[in-house]
Amino acid sequence: MTKFEQLPEVEETLIEFPTNFPIKVMGETHDDFASEITRTIQLHWPEFDTHLIEMRGSSNGKYLSLTCLVYVTSKPQLDDIYRSLTSHPMVKVVL
């Protein structure tokens, strides 16, 4: 290999794919919050459904937390899901 040849890019991750990966999504309480998050995730994994969501409200009821169990097959897919969720106007935090 010459000094001008590029090494192939290796995506470093501690996650082994494919896997079921929990993503926590938080936003203000709204009747359509869970359905909006479901639709957003379905852009990247069409089989995702609401039965894969655990929902919790905050003690004062202002915020809603969803833990979504998402089946991902690669780091780029997981990254795309995170980008879509963080850019959604109803979402405050994604973990």
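Everything below is about the structure shown above.
Residues numbered from 1 in each chain as written. Predicted model: local features only at pLDDT ≥ 70, side-chain atom pairs only at ≥ 80, totals over all residues. Heavy atoms only, no water.

So, the overall build of the chain
When helices and strands are tallied, the chain shows two helices and four strands. Counting from the amino terminus, the chain carries its helices and strands in the arrangement β-α-β-β-α-β. For the chain, the proportion of its 95 residues judged to be buried stands at 28%. A separation threshold of at least 6 residues defines the contact pool for the chain, and within that pool the share at least 24 residues apart is 69%. (Helix = DSSP H or I, 4+ residues; strand = E, 2+ residues; numbered from the N terminus. Buried < 20%, exposed > 50% of the residue type's maximum accessible area, 1.4 Å probe, protein only. Contact = heavy atoms within 4.5 Å.)

Points about helix H2 (residues 75–86)
For H2, built from twelve residues, the straight-helix expectation of 16 Å at 1.5 Å per residue is met to within 8% by its first-to-last C-alpha distance of 16 Å. The set of residues buried in H2 consists of Gln77, Leu78, Ile81, Ser84 and Leu85. The buried side chains of H2 occupy one side of the element, clustering within an arc of 125° when seen end-on. Buried residues along H2 sit in contact with strand S1 (19–28), helix H1 (33–42), strand S3 (63–72) and strand S4 (91–94). The backbone nitrogen of Gln77 has a side-chain oxygen 3.2 Å away, supplied by the residue at the start of H2, namely Ser74. (Expected span 1.5 Å × (residues − 1). Arc of directions from axis to C-beta. Polar contact = N/O pair within 3.5 Å; in protein donor to acceptor, adjacent residues only side chain to side chain.)

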